[in-house]
Amino acid sequence: MIQRLLSLLDASPVNFLAVKNIANELEANGFRRIDPTKPLGKVKAGDQLYVTKNDSSIYAFRIGKEKLSEAGFRMICAHCDSPTFRIKPNAEMTCEGGIVKLNTEVYGGPIMSTWFDRPLTIAGRVIVRGEDALNPKTLLLHIKRPLLQISNLAIHFNRQVNDGVALSKQKDMLPILGIITDRLEVGNLLVNAICDEQNIKKEEILDFDLYLADATPACTFGIHDEFISSGRLDDLSMCFAGLEALLANKKAKATQVLAIFDNEETGSQTKQGAGSPFLATMLQRLVLAQGDTIEGFYQAVERAFMVSADNAHAWHPNYGEKYDPTNHPYLGGGPVIKFNAAQKYASDAVSAAVFAEICNEAGVPCQRFVNHSDVAGGSTLGNILASSIPLRGVDMGNGILAMHSCRETGSVMDQIYTTKAFTQFYK
């Protein structure tokens, strides 16, 4: 299982590729892609369906033995985007000595210093001409070699660097791409790399969504190989656990749903994010395709349960004072239920009890996380999704260290535990 997770992490440097790889796994296991522009037709028990939005979010459904209106649905949701740097249009900046750097902007909230002095690459999607102006063609891009680097300033020019230095997103975080060796390369280094990788002509490119990604493979480490080191553990590790659980189950009484959203790191308020009505609309359409009415959809929602799976903060041995004194989860201690009095998380006593009992049935330990009262925490998918679909649900995740670093640290056992819990939940 862990090797499969590492392979998914390496093959999914950006949201678009994560969705493509998840779709490939679904299709290999008998799921059929549906086209939301066409009628769904009749839907029967045992049908396995999936749909995507914007090539960057994906939703899978296994229809239960009982109608949605009678048994509701069991949903696991996660997100496939991670903090990174987006390449701006007209990105190339030629400097003295012919050195070319790329103009970028920050996506989400990365720990920027962790991106320095490591081999990076480029991944995303390239838009080329299609049949007509409204229907361009999308090509996915992943240059599988070290291509760029954001280099630090030598300590000799910055004696205070180890005392903490404020970083400028516009000045300090621009990656070096290469050195001009031919006049024809001026302004074309990036485009040439894209064209070479995709075997297309420059004139075919209309636009692109391209991002920086760590080029170093994911790995395990520790004296017992008990830790996972990788970028994007937040939240691809939860996407993977949900996918593994869905594929491990077959027909069940209630419909099983796996929802992988985009843009959680920037607020979720996009057509492919958790704030979009797209998932609610698809669930309504499935209820209607079973011959039910909109009343049946409302009944399905009231009978449903959601697990919002987004990683949590594990206790850091160097910074124990940052954590709540009585509610700080440990690496390897099992999945973490997250609570917040300001309702940034969907968990309450009822939903937490439900998930804790699911863990108990799966033979899995369970932990709880609450922020230190003097430290502001983040928010996640649960309550954002609940604003469009008023679901009972719990916010949980695996504890990790260095969340939003270029490389995060997770636990092998936590991944195994959470997959078991998710499998039990779908049952």
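So, here's what we can say about the structure. (Residues numbered from 1 in each chain as written. Predicted model: local features only at pLDDT ≥ 70, side-chain atom pairs only at ≥ 80, totals over all residues. Heavy atoms only, no water.)

### Digging into the pairing of strand β18 (residues 393-397)
Burial runs high along β18: 5 of the 5 residues are buried. As paired elements, strand β14 (residues 305-309) and β18 share 4 bridges and run parallel to each other. Bridging from a neighbouring strand, Val307 pairs with Val394 of β18. As defined by bridge partners, strand β16 (residues 336-339) adjoins β18 across 2 bridges and the pair is classed as antiparallel. (Buried < 20%, exposed > 50% of the residue type's maximum accessible area, 1.4 Å probe, protein only. Helix = DSSP H or I, 4+ residues; strand = E, 2+ residues; numbered from the N terminus. Pairing = 2+ DSSP bridges.)

### As for empty space enclosed by the protein
This structure, assessed with the given rule, holds 2 cavities of 30 Å³ or more. What the largest cavity holds in volume is close to 220 Å³. The set of elements that each furnish at least two residues to the lining of the largest cavity consists of β10 (205-214) and α5 (233-248). Per-element tally for the lining of the largest cavity: the top contributor is β10, with 4 residues. The residue makeup of the lining of the largest cavity, split by class, is 11 nonpolar, 7 polar and 5 charged. Roughly 50 Å³ of internal volume is contained in the second largest cavity. Together, Ile228, Leu233, Ser237, Asn311, Asn398, Gly399, Ile400, Gly410, Ser411, Asp414 and Gln415 line the second largest cavity. Considered class by class, the residues forming the lining of the second largest cavity number 3 nonpolar, 7 polar and 1 charged. (1 Å grid on protein atoms, 1.4 Å probe; cavity = no way out; pocket = protein on both sides within 12 Å on 5 of 7 lines; lining within 4 Å. Points joined across faces, edges and corners; volume = space filled by probe spheres on them. Nonpolar A, V, L, I, M, F, W, Y, C, P; charged D, E, K, R; others polar.)

### Some words on the state of the cysteines
A complete count under the given rule lists 0 disulfides for this structure. Of all cysteine sulfurs in the structure, the one in Cys406 sits closest to Cys219, which takes part in no disulfide; the separation is 13 Å. We classify Cys219 as partly exposed; its relative accessible area is 32%. (Disulfide = S-S within 2.5 Å.)

### Some thoughts on the sheet that holds strand β20 (residues 408-411)
Pairing in this open sheet of 3 strands is antiparallel, and the strands run β11-β12-β20 from one edge to the other. Each edge of the open sheet is held by one strand with a lone partner, namely β11 (219-221) and β20. Taking the axes of each pair of neighbouring strands and ignoring which way they run, one obtains an average angle of 35° across the sheet. Pairing of β11 with strand β12 (residues 227-230) involves 3 bridges; the strand directions are antiparallel. If you follow Thr220 over to β12, its bridge partner there is Ile228. Sheet strands in contact with helix α1 (residues 2-11) are β11 and β12, and its direction is about 10° off that of β12. Set on the sheet, helix α10 (residues 412-426) makes contact with β11, β12 and β20; between it and β20 the angle comes to about 60°. (Axes fitted to C-alpha atoms, helices over the stretch in contact; angles between N-to-C directions. Contact = heavy atoms within 4.5 Å.)

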